[in-house]
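Topology and contacts: notes
The residues making up each chain are set out below.
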Amino acid sequence: MARSPVQKRSNTGDGQVVDKSSGPKRMPGRNVYEIVLRESGGATLTAKVLDSVLYPKALAWTRLLSSDRGRQVDVTTEDESWRKRGLDTLHELAAAGKVAPGVVDAFIKAVGVSGVVQVELPWEKESIGYAARVFPWEQLIALATKDERMKQGNRPITVVRFLKGAESPHARPAPRTGAVFAITNEAAKLGYHFDAEHGAIQAALAEDLPLLTVASLDEIPGKSGVANPRHLHLVVEYCDTSESLVTSGKEATNEQIAGAVAAIGPELVVYSACYTGKRLAPLTVAKGVKVAIGFHGIVMEPSLPVFFGAFYQVLRQQADVLAAMRAGLAANDLQPIPGDLGAVVLWSAESLITTPAAAARSMKAPPDATEKNDAIIAAGELEAALPVSCTIEETLNYSVLHNSRGGLFKTFVITKVKEGKLEHPVEITVSLDTGLDRPVSCRYCLRKPFETSPQHDLAASIILPLGSQLLRQRGETILGTVEVTIKCGPVQIFHEMQPIKLLPCDEWRDDETGRHLLPSFIFPRDPSVREVITTAQPYLRALRDEPQGGFDGYQQDSTRAVILQTRAIWSALQHTYRLDYVNPPPTYTKSSQRLRTPEEIFRAKRGTCIELALMLAACWEHVGILPVIFLTRGHAFAGFWTSSSARLDFIVGLANLMQHAETVEPTEAVNPAKIATLIARSTGAGGLLRRVLAEPLSDKTATTQGRNDGKVKEPWMFAEDHHLSAIRSAVEDGALVPLETTYIPLQRPYAESLRDAGDLLAQVPPPYFDGMLDVQSAREKGVTPLSIIFQGIVA
């Protein structure tokens, strides 16, 4: 689970996104200021920058790091291209600041040896230097220096930020003592998991750590009993654009939040939530806190106990925040998915590497994160030593399980927070009981637990044998029970039992859990698909005027040949089968829809817009034409690539960082007058655009900049604003052809379908565009068709 605001879709099928991250834009000014990159050995890069020039690059890098990295076809080429882009961007920024290329090269070589960089940024007020503060320096410097660091044995990189000109840390009449761990009521309501995080920090500090749940920040001193805490660790509901964290019972600006936190008097503040490193953390330092930590983007909860456990342990032992940061990052590097931690942003009111002693410490290797204590943990201490964070899903979806995307657990993490060894292996037993057959169970054994990493994330590791015909048949929701038991030898350290709903296997979840798995409902080997291709053969021969013409995909290397194949299939569906449109069947689960297979569609002679789109995509995929599915608010339709190279060019083209920086601006508020004009101009049967824009977005959704945080960022799903721009360009260039599939039952011509679908993509405002799923990319990542049984036939 990510520590970010929850975004929900309505249950009406219209695809409306309710986004809590709305707020005023904060655009950069035309301010010139100085940025210094200082390497711990003494090398520096100093350049003067202009906010209005730096801001587009900050916006582009932030967007692409979160959405486009990982979409390239070849991983090796991707790694090389991203390192080159990082290096080129650093050279571009330096050149804009009149820095010679040789100075940049010397700096990068020095970083390759030391592995520590301090980014020094000025502070006068928030409007000055804003672009530099929100820039993802951690990722950029890591990419730009990667090649040099690999020459030094793949030395890790640590980046910290020094806010020059901030207020001096508040002087306190009494020395700072103790630490406080607090979670706001709103964060608790969102279901944030913090027990393992709290346990790891408490064990690392070797002291009692009060765990507070507060309605407002001003409750912390009274509830904690600590007047001037040394460390304040906050688990909060926060979004960078919302400026809405509760303090004194009222909504407050970021500046007011930072002031309220600083007034508590901590030396170190940690904001354990997404997006807190760009604005809230530096404002907190500006208000007089010595050190503040946040996250630049998304952070996944299972990564937090390991990072913070190592961080606070070294901080207690050495009282050196830079050494603690390096230790936390080193511990995270041992995790199965280190990237789940995201970018940790550490802001300081004082330089962390200017003194010779600090520089010497930074050159040392980070402390070993693995356990050193050979003592056996006593049986009575096992439950406290191995806190478990386990949250079972309310529903069990077959498509999620089929694609090995977890599906049974929201979180399932075991973290070792106490030094010492375990005498026995850790055994996990998970049992699913529906009452219709004997329980289905799975046993998982950690024979040498925690020897290389202090944490195990088991959410995707527990795989139940779900090949039974009962779970693969269409039907209705079944209520079952999931039981989880964890033992270390004879000692039971965890037990949980919870009801769960087993959804019908043909139910697609239009949410973050299952939206991206829509390609699993495309069945190119369905018997009815084979029948359609056979029926379409005479149409293709007539269109080509070739008595021996056949479906050969892209073999002719001709756009016309591909279009004629899709027209032949269209003609067969429209003239031979005469399908009708129908509303979707009823569902009783939020944000979901039951999808008929092609076999069911042809038996009933009818289908919904999304079912017809999936069926058409299945026919194209069957003959070797690469399909896509477009999702707009409350609507779906299909499209295809005119060549395999066109698809690859589209994916590779997304890597053009500077093109995105120059051409794509943040999403603007949706203008009701503009929407009304678009509705009035909408054409086609029923007005495609009119249908998509029929109900206005909520005010919060309409004004949000961060609206795409709730859209699934998978390599085969293209949902960002700049993706929509690239899709429109591909359609204009003839590389991508969209078709309005509801025109099949409406008996509208193929040409009208192409025209109106293209017009819809060209005019739909970005907030109403939910994304394009590229089916071939999904197949390459292992998203395969479901094995659904319908009347004895496997789709």
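Residues numbered from 1 in each chain as written. Predicted model: local features only at pLDDT ≥ 70, side-chain atom pairs only at ≥ 80, totals over all residues. Heavy atoms only, no water.

**A closer look at the overall build of the protein chain**
- Of the regular secondary structure elements, the protein chain holds 29 helices and 33 strands.
- Classification of the 795 residues of the protein chain by burial places 57% in the buried group.
- Nonlocal contacts in the protein chain, meaning residues at least 24 apart in sequence, comprise 75% of its contacts between residues at least 6 apart.
- In the structure as shown, the protein chain presents an accessible area of about 31200 Å², 50% of it carried by carbon and sulfur atoms. (Helix = DSSP H or I, 4+ residues; strand = E, 2+ residues; numbered from the N terminus. Buried < 20%, exposed > 50% of the residue type's maximum accessible area, 1.4 Å probe, protein only. Contact = heavy atoms within 4.5 Å. Areas by Shrake-Rupley, 256 points an atom, 1.4 Å probe, with all protein chains shown as cover.)

**Digging into the environment of Thr46**
- On the secondary structure map, Thr46 appears in strand β4 (residues 44-50).
- Placed 52 residues apart in sequence, Thr46 and Lys98 show a C-alpha to C-alpha distance of 9.0 Å.
- Apart from the residues within four sequence positions on either side, Thr46 is in contact with Glu34, Ile35, Val36, Gly97 and Val99.

**Concerning the packing of aromatic side chains**
- In total, this model carries 16 aromatic pairs according to the counting rule given.
- With 4.6 Å between their ring centres and 45° between their planes, Phe409 and Phe412 make a pair best called tilted.
- For Phe409, a relative accessible area of 4% puts it in the buried group.
- Here the aromatic rings of Tyr577 and Phe602 are separated by 4.8 Å at their centres, their planes lie at 65°, and the arrangement is edge-to-face. Linking Tyr577 in helix α19 (residues 559-577) with Phe602 in helix α20 (residues 598-604), this pair joins segments that are 25 residues apart in sequence.
- The ring of Trp82 carries the charged tip of Arg85 above its face, separated from the ring centre by 6.0 Å.
- The side chain of Arg748 reaches across the aromatic face of Tyr743, ending 5.8 Å from its centre. (Phe/Tyr/Trp six-rings, centres within 6.5 Å; stacked < 30°, edge-to-face > 60°. Lys NZ or Arg CZ within 6 Å of the ring centre and 35° of its normal.)

**Structural notes on the sheet that holds strand β14 (residues 344-348)**
- The 10 strands are arranged β4-β3-β5-β6-β14-β13-β12-β9-β7-β8 in an open sheet whose pairing can be described as mixed. If you trace the sheet from one side to the other, it starts and ends with β4 and β8 (211-214), each paired once. Taking the axes of each pair of neighbouring strands and ignoring which way they run, one obtains an average angle of 20° across the sheet.
- Note that strand β3 (residues 32-39) and strand β5 (residues 116-122) share four bridges and pair antiparallel. For Leu37, the partnering residue across the bridge sits in β5 and is Val119.
- Where helix α12 (residues 304-318) meets the sheet, its contacts fall on β9 (231-235), β12 (268-271), β13 (291-295) and β14, and the angle it forms with β12 comes to roughly 175°. (Pairing = 2+ DSSP bridges. Axes fitted to C-alpha atoms, helices over the stretch in contact; angles between N-to-C directions.)

**Focus on the confidence of the model for the protein chain**
- Taken residue by residue, the protein chain gives an average pLDDT of 82. The fraction at 70 or more is 81%.
- Low confidence marks residues 698-710, where pLDDT is under 50. Its contacts with residues over four positions away, or in another chain, come to 44 contacts. (pLDDT = per-residue confidence, 0-100.)

**What about the packing of helix α2 (residues 75-96) against helix α5 (residues 137-144)?**
- Remark: α2 packs on α5, axes separated minimally by 7 Å, with the N-to-C direction vectors making an angle of 110°. Taken together, the axes of α2 and α5 are roughly perpendicular relative to one another. Taken together, the residues of α5 that come into contact with α2 (itself represented by Trp82, Arg83, Gly86, Leu87, Thr89, Leu90 and Leu93) are Trp137, Leu140, Leu143 and Ala144.
- Of the residues assigned to the contact of α2 with α5, the class counts are eight nonpolar, two polar and one charged. (Parallel < 35°, antiparallel > 145°, perpendicular 65-115°, else oblique. Nonpolar A, V, L, I, M, F, W, Y, C, P; charged D, E, K, R; others polar.)

**Examining unusual backbone geometry**
- The backbone phi angle of Asn154 is positive, close to 60°, even though this residue is not glycine.
- Judged by relative accessible area, which is 43%, Asn154 ranks as partly exposed.
- Phi at Ala319 is positive, roughly 55°, even though this residue is not glycine.
- The residue Ala319 is located in the loop between α12 and α13 (321-333) in this model.
- Among the residues examined, Ala319 registers a relative accessible area of 68% and is labelled exposed.

**Some thoughts on the environment of Gly782**
- Following the sequence through the fold, Gly782 ends up in the loop between α29 (775-780) and β32 (789-790).
- Placed 379 residues apart in sequence, Gly782 and Asn403 show a C-alpha to C-alpha distance of 7.0 Å.

**Considerations on the sheet that holds strand β29 (residues 717-718)**
- If you trace the five strands from one edge of the open sheet to the other, you get β29-β31-β27-β28-β30, paired in antiparallel fashion. On the outer flanks of this sheet lie β29 and β30 (736-739), each paired with one strand and no other.
- Where β29 meets strand β31 (residues 769-774), two bridges bridge the pair, whose relative direction is antiparallel. Within the sheet, the bridge partner assigned to Met717 lies in β31 and is Leu773.
- Packing against the sheet, helix α21 (residues 609-622) makes contact with β27 (627-632), β28 (635-641) and β30, and its axis sits at approximately 15° to β28.

**A look at the pairing of strand β7 (residues 179-184)**
- Among the six residues that make up β7, six are buried, leaving the element largely enclosed by the rest of the structure.
- Alternating positions in β7 separate into two faces, Ala179, Phe181 and Ile183 on one and Val180, Ala182 and Thr184 on the other, with burial throughout.
- Bridge count between β7 and β9: five bridges; the pairing is parallel. If you follow Ala179 over to β9, its bridge partner there is His231.
- Relative to β8, β7 is paired through four bridges, and the arrangement is parallel. Bridge pairing links Ile183 to Thr213 in β8.

**Examining the packing of α19 against α21**
- Closest axis-to-axis distance for the α19/α21 pair is 11 Å, and the angle between their directions is 135°. Taken together, α19 and α21 sit at an angle that is classed as oblique. The crossing of α19 and α21 is right-handed. Residues Thr566, Ile569, Trp570 and Leu573 of α19 form the contact with α21, whose own contacting residues are Met615, Leu616, Cys619 and Trp620.
- Residue composition of the contact of α19 with α21, grouped by class: seven nonpolar, one polar and no charged. (Left-handed = near helix turned anticlockwise from the far one by under 90°.)

**Comments concerning the pattern of salt bridges**
- The tally for this structure, following the rule as stated, stands at 26 salt bridges.
- Across the salt bridge formed by Glu219 and Lys223, the nearest N and O atoms sit 3.5 Å from each other.
- A salt bridge links Asp506 to Arg594; the shortest N-O distance between them is 3.0 Å. Of this pair, Asp506 sits in the loop between β22 (491-502) and β23 (507-509) while Arg594 is found in strand β25 (residues 592-594), placing the two residues 88 residues apart along the sequence. (Salt bridge = Lys/Arg side-chain N within 4 Å of Asp/Glu carboxyl O.)

**Observations regarding α2**
- For α2, which comprises 22 residues, the first-to-last C-alpha distance of 31 Å matches the rise-based estimate of 32 Å (1.5 Å per residue) to within 8%.
- Along α2, the residues that are buried comprise Glu78, Ser81, Trp82, Arg83, Gly86, Thr89, Leu90, Leu93 and Ala94. (Expected span 1.5 Å × (residues − 1).)

**Brief notes about helix α22 (residues 644-653)**
- Taken as a whole, α22 has its buried residues at Ala646, Arg647, Phe650 and Ile651. Summarising the axial view, the buried residues of α22 lie within an arc of 135°, below the 170-degree limit, and thus occupy one face. What points out from α22, more than 90 degrees from its buried face, is the exposed set Asp649 and Val652.
- Contact partners of the buried residues in α22: β28, β29, α27 (721-732), β31 and α29. (Arc of directions from axis to C-beta.)

**Some details on the nonpolar core**
- The biggest cluster of nonpolar side chains holds 85 residues, and the ones touching the most others in it are Ile569, Ile629, Trp641, Phe650 and Met772.
- Among the elements that line this core, the one with the most residues is α21, at 10 residues.
- Contact partners of Ile629, with chain neighbours within four places excluded, come to Leu518, Ile522, Ala613, Leu614, Ala617, Phe637, Ala638, Gly771, Met772 and Leu773.
- Leu54, Leu59, Leu140 and Val289 belong to the second-largest nonpolar core, a separate cluster that totals 71 residues. (Core = buried A, V, L, I, M, F, W, Y, C linked by side-chain atoms within 4.5 Å.)

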